[in-house]
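These are the residues of each chain, in order.
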Amino acid sequence: MTGDRSVIIDNLVKRFGDFVAVDHISLETQKGEILGFLGPNGAGKSTTIRMLCGLLKPTSGNALVAGYDVAKKPEAVRQNIGYMSQKFSLYNDLKVIENLRLFAGLYSVPSQNLKERIDWSLAMANLKGQEDLITGTLPGGWKQRLALGCAVLHQPPIIFLDEPTSGVDPISRRQFWELIHHMAGQGVTVFVTTHYMEEAEYCNRLALIFRGKMVALGTPSELKQKYMRGELLLVECEPLGRAVEALQHAPNIMDAAVFRNALHLVVPNATSAIPEVRSYLHAKGVTVTHVEKIRPSLEDVFVSLTTDRSSKEAA
């Protein structure tokens, strides 16, 4: 048994021909932890989730989920987890109640517990009184909550959420995360993939994934403190394109990237860099309206880490 260690991953690898989708990933999660898999599309997040759910056999390495080997006992794994994909895995032509009954059967919910579990799922998803609605007619946020209700009907100790907030509005996304934190507070381990940097802040720990490799692991605060090279400046200026091009060759600029309608610059020392940046850009014909030192976001950390790794691979 794994005790409080809900998921144990040791050198997990998945190859498709010559392509390495997941490249020697190792980590452990604890009971009641929300662990986020953060990375761009195609980084290997979903492939890892599918292996941990017993849906895809690893090429090499080992993984234990709820005490079961994912390669040797995938059926046992699937009976002890909840899984929700970004497409929600619902049957759109069925009613809400019919989807719940179907998933209860798939997860072998005992008949004596069926009404209680369905009532709980409807209440959790805020769908009481909506049982007879056709699932395909539901708004995105409602579908999302129904999919979560279906995934946890059998009260699994671990749930895997693969891009669960993709395509839903910000209010629904926030409500969904409130449900996730409530479940984690009851001891459920939550393994979630996302490419939304702002919602990654809701996780207890984050694994940053890039090109199949885990490039960093830690709490959001730890990642910002440990992996951010130098200090960060916010620069508001125009035109942005000319500014970025000019800064690629500027002295003491470690990195320059466009963030929305401004620039983020990584510099060795923010205090000395502010007047230098103003002067340098002015000489290049760029109008600077505002410069200030700011705290790095997870997006800044991820850009810094992946830029470093890409530079090393190209060298």
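The preceding data block contains the structure.
So, how was this worked out
Residues numbered from 1 in each chain as written. Predicted model: local features only at pLDDT ≥ 70, side-chain atom pairs only at ≥ 80, totals over all residues. Heavy atoms only, no water. Helix = DSSP H or I, 4+ residues; strand = E, 2+ residues; numbered from the N terminus. Polar contact = N/O pair within 3.5 Å; in protein donor to acceptor, adjacent residues only side chain to side chain. Contact = heavy atoms within 4.5 Å. Core = buried A, V, L, I, M, F, W, Y, C linked by side-chain atoms within 4.5 Å. Buried < 20%, exposed > 50% of the residue type's maximum accessible area, 1.4 Å probe, protein only. Pairing = 2+ DSSP bridges. Axes fitted to C-alpha atoms, helices over the stretch in contact; angles between N-to-C directions.

Trainee: Could you clarify how one ought to interpret the side chain of Thr189 in this entry?
Mentor: With respect to the helices, strands and loops of the structure, Thr189 is situated in strand E8 (residues 189-194). A polar side-chain atom of Thr189 sits 3.2 Å from the main-chain carbonyl oxygen of Gln30. Residues contacting Thr189, with those up to four places away along its chain left out, are Ser6, Thr29, Gln30, Lys31, Gly32, Glu33, Pro157, Ile158 and Ile159.

Trainee: So what exactly am I meant to see when it comes to the nonpolar core here?
Mentor: Side chains of a nonpolar character, in soluble globular proteins, are inclined to be buried together. Counting residues in hydrophobic clusters, the biggest one holds 51 residues, and the most contacted among them are Leu148, Ile159, Leu161, Ile180 and Leu208. In terms of residue count, the dominant contributor to this core is helix H6 (residues 170-185) (six residues). With sequence-adjacent residues up to four places away left out, Leu161 is seen in contact with Met84, Leu148, Phe176, Ile180, Val190, Phe191, Val192 and Thr193. In terms of nonpolar packing, the next biggest core, distinct from the first, is built from 26 residues, Ile9, Leu12, Ile49 and Ala207 among them.

Trainee: For this particular structure, what's the right way to read the sheet that holds strand E3 (residues 34-38)?
Mentor: The six strands lie next to each other as E6-E7-E8-E3-E9-E10, forming an open sheet whose pairing is mixed. What marks the edges here is a single partner per strand, and that holds for strand E6 (81-84) and strand E10 (213-218). Within the sheet, the average angular offset between the axes of one strand and its neighbour, ignoring direction, is 15°. Relative to strand E7 (residues 158-162), E6 runs parallel, the two sharing four bridges. Note on E7: the bridge partner recorded for Met84 is Leu161. On the sheet, helix H5 (residues 140-151) packs against E6 and E7 and is oriented at approximately 155° with respect to E6.

Note that all results are geometric; they support no functional claim without further evidence.
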